[in-house]
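Listed here are the chains, written in short residue letters.
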Amino acid sequence: MDLATLTRQYDFTGRTIVITGATGILGGEMSCALIGCGANVALLDRNLEPGRALLERMGPDGASRAFLVAADVLDRQSLEQACEAIRGRFGRIDMLLNGAGGNKPDATAGPDRSFFDLPTEALRWVFDLNILGTILPSQVFGRVMAEQREGVILNVSSMNAFRPLTRIAAYSAAKAGVNNFTQWLAVHMAQQYSPRIRVNAIAPGFFLTRQNEFLLVDKQTGGMTPRGQSILAHTPMGRFGSPEDLMGAVLWLLSPASAFVTGTVVPIDGGFAAFSGV
Ligand SMILES: NC(=O)c1ccc[n+]([C@@H]2O[C@H](COP(=O)([O-])OP(=O)(O)OC[C@H]3O[C@@H](n4cnc5c(N)ncnc54)[C@H](OP(=O)(O)O)[C@@H]3O)[C@@H](O)[C@H]2O)c1
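Residues numbered from 1 in each chain as written. Predicted model: local features only at pLDDT ≥ 70, side-chain atom pairs only at ≥ 80, totals over all residues. Heavy atoms only, no water.

**Looking at the site of the ligand**
The full set close to the ligand counts 29 residues, and L26, R46, Y171, F207 and T209 are the nearest of them. Here V73 contributes a backbone N or O atom positioned 3.0 Å from a nitrogen atom of the ligand. One of the side-chain N or O atoms of T209 is found 2.7 Å from an oxygen atom in the ligand. Protein chains bury 91% of the 890 Å² of accessible surface belonging to the ligand in isolation. Only α2 (25–36), α5 (120–148), α6 (169–192) and α7 (210–216) provide two or more residues apiece to the shell around the ligand. It is α7 that contributes the most residues to the shell around the ligand, 3 residues altogether. (Near = heavy atom within 4 Å. Polar contact = N/O pair within 3.5 Å; in protein donor to acceptor, adjacent residues only side chain to side chain. Areas by Shrake-Rupley, 256 points an atom, 1.4 Å probe, with all protein chains shown as cover. Helix = DSSP H or I, 4+ residues; strand = E, 2+ residues; numbered from the N terminus.)

**A look at the packing of aromatic side chains**
Both the distance between ring centres and the angle between the ring planes are used here to describe each pair of aromatic rings. According to the stated counting rule, one finds 4 aromatic pairs in the structure shown. Aromatic pair F67 and F90: ring centres 6.2 Å apart, planes at 90°, arrangement edge-to-face. You can see F67 sitting in strand β3 (residues 66–70) and its partner F90 sitting in helix α4 (residues 76–90), a full 23 residues away along the chain. A relative accessible area of 15% places F90 in the buried class. When the ring centre of W125 is taken as origin, the NZ or CZ atom of K104, which lies over that ring, is 4.6 Å away. (Phe/Tyr/Trp six-rings, centres within 6.5 Å; stacked < 30°, edge-to-face > 60°. Buried < 20%, exposed > 50% of the residue type's maximum accessible area, 1.4 Å probe, protein only. Lys NZ or Arg CZ within 6 Å of the ring centre and 35° of its normal.)

**Describing α6**
In a regular helix each residue adds 1.5 Å, so 24 residues correspond to 34 Å; α6 covers 34 Å between its end C-alpha atoms and thus fits that length. Those residues of α6 lying buried are A170, Y171, S172, A174, K175, V178, N179, F181, T182, L185, A186 and M189. Of the surrounding elements, those touching the buried residues of α6 are α5, β5 (151–156), β6 (197–204), α7 and β7 (265–268). (Expected span 1.5 Å × (residues − 1). Contact = heavy atoms within 4.5 Å.)

**Considerations on the side chain of N160**
Tracing the backbone through its elements, the reader meets N160 in the loop between β5 and α6. The class of N160 is buried, set by a relative accessible area of 6%. Among the polar contacts made by the side chain of N160, one reaches the side chain of S158 at a distance of 2.7 Å. Setting aside chain neighbours within four positions, we find N160 in contact with L165, I168, Y171 and S172.

**Things to note about the pattern of salt bridges**
Two side chains of opposite charge can pair, provided their charged atoms sit close to one another. On inspection of all chains with the given rule, the structure shows 12 salt bridges. For R15, the salt bridge is made with D94, and the minimal N-O distance between the two is 3.7 Å. A residue pair is termed long-range when its members are at least 10 positions apart, and R15 in the loop between α1 (3–9) and β1 (16–20) and D94 in the loop between α4 and β4 (95–98) qualify at 79 residues. Residue classification places D94 among the buried residues on the basis of a relative accessible area of 2%. A salt bridge links E150 to R196; the nearest nitrogen and oxygen atoms lie 2.9 Å apart. Here E150, found in the loop between α5 and β5, pairs with R196, found in the loop between α6 and β6; they are 46 residues apart in sequence, far enough to count as distant. Residue classification places E150 among the partly exposed positions, given a relative accessible area of 23%. The structure contains a network of salt bridges with shared partners spanning R15, R92, D94, E150 and R196. (Salt bridge = Lys/Arg side-chain N within 4 Å of Asp/Glu carboxyl O.)

**With respect to the packing of α2 against helix α9 (residues 247–254)**
As a packed pair, α2 and α9 sit with axes 11 Å apart at the nearest point and diverge in direction by 60°. In terms of axis orientation, α2 runs oblique to α9. Helix-helix and strand crossings are classified by hand; for α2 and α9 the assignment is right-handed. Listed contacts from α9 to E29, M30, A33 and L34 of α2 are M247, V250, L251 and L254. (Axes fitted to C-alpha atoms, helices over the stretch in contact; angles between N-to-C directions. Parallel < 35°, antiparallel > 145°, perpendicular 65-115°, else oblique. Left-handed = near helix turned anticlockwise from the far one by under 90°.)

**A short note on the nonpolar core**
Of all hydrophobic cores here, the largest spans 34 residues; its most connected members are I17, M30, L34, L97, I202, L246 and L254. V69, A71, F90 and V199 belong to the second largest nonpolar core, which has 27 residues in total. (Core = buried A, V, L, I, M, F, W, Y, C linked by side-chain atoms within 4.5 Å.)

**A word on the pairing of β1**
One face of the sheet, then the other: side chains in a regular strand alternate in exactly this way. Burial of β1 is extensive: 5 of the 5 residues sit out of reach of the surface. Going residue by residue along β1, you find T16, V18 and T20 tucked away on one face and I17 and I19 tucked away on the opposite face as well. Between the parallel pair β1 and strand β2 (residues 40–45), the chain is carried across by α2, and the sense of this crossover is right-handed. In this sheet, β4 lies alongside β1 in parallel orientation, the contact comprising 4 bridges. Residue pairing for β4: I17 is matched across the bridge by M95. (Right-handed = clockwise from strand over helix to strand, strands pointing away. Pairing = 2+ DSSP bridges.)

**Things to note about the packing of α5 against α6**
α6 packs onto α5 with a crossing angle of 15° between their chain directions and a minimal axis gap of 8 Å. For the element pair α5 / α6, the angle class is roughly parallel. The two elements α5 and α6 meet at a crossing, and its hand is right-handed. Residues L123, V126, F127, N130, I131, T134, I135, S138 and G142 of α5 lie in contact with α6, whose contacting residues are A170, Y171, A173, A174, K175, G177, V178, F181, L185 and M189. For the contact of α5 with α6, the residue count by class is 13 nonpolar, 5 polar and 1 charged. (Nonpolar A, V, L, I, M, F, W, Y, C, P; charged D, E, K, R; others polar.)

Worth remembering: the numbers are spatial, not functional.
Dropping the structure here:
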C-alpha cells in the first residue's frame, strides 16, 4: 500500500450516500465530512429548515452535491418517496448512514419520575425511533443495494448498548437492539445478496448534543450535572467527544479501506468502556 492508494480509498467522488437525521448535530458533521471527501449526499430529515444552514456551511460546490429530502424514518411511504427522489437526483444509492435516533426526558427515570411511572408512549417513541427508525430505512435503501449487489450500511449505536447507563432503560435497550440488528443484517446481506454489501455500526460515547444536554448540563448554573461529572471522571481522556472525533471511523467504515469488515460495532468513547473506574 502506498499513500496514493490509501488516499484513493477515501475519495468518495461519484458515490451517493443517504444520511438520516442529517440535520442533527452528529448527522450534520458527518454530512459535511462526506461532502468534503467528494460524495453526493442526500440529507434526509423530517424537518428541513436546519438543513438550509448546513448547505450554506458546505459552500457552493459542496451544496451542489447535497440534496435535502424530507422523510420520516418511521414512515415507510415517505422513505420510498425519498428513495425515488434521490435516485432521480443522483442516479444511484451506494451507502446509507442511519443517523436518526435519540432519547427524551419523558422516557428517562429520575427523582420526579420513577422507572415504574415512565409513560408507555414515551418508551414506545424511543424504541420506535432508534430501532424501527434504523430498520425501515435499511429495508428501503438496502433493497437498492441488494439489487445492485453492492453497498454499505452504517448504523449509529451508543456505548449504552454494551453496558446500560442508569436512568435511560428504553434508550439503552433500543441501542442494544441496534447492535444486534447490525450483526443480523450484515450476515443476511452477505449470505443472501452479496458479500460486497457490508453493515456496521459506530458506538459514540458522550457527545454534548440536544438529546443529552438535559442530563449533562445544569440548566440553572450552566455547569456539569453530577452525572456529567461522573462521565468525565470515567473517561480516561477526560473530555466529552466532539463530533469531528467520529469522522475517522465513519469514513473508514464507509470506504473500501474496511472492505473485509462487516457486522462490527466500533466504540468511539475516549476509553470509557475500557476503564473500570479504579
Ligand atoms: N449525542 C451523543 O452523545 C450520542 C451518543 C451516542 C449515540 N448517539 C446517537 O447519534 C445519533 C445522532 O444523535 P445527535 O446527538 O446528533 O442527535 P440530534 O442532534 O437530535 O439529531 C438527530 C436527528 O434525527 C432527526 N429525527 C428525529 N426523529 C426523526 C424521524 N422520525 N425521522 C427523521 N429524522 C428524525 C432529528 O430531527 P428533529 O430535530 O426534528 O427531532 C435530528 O435532526 C442518534 O442515533 C443518537 O442516538 C448520540
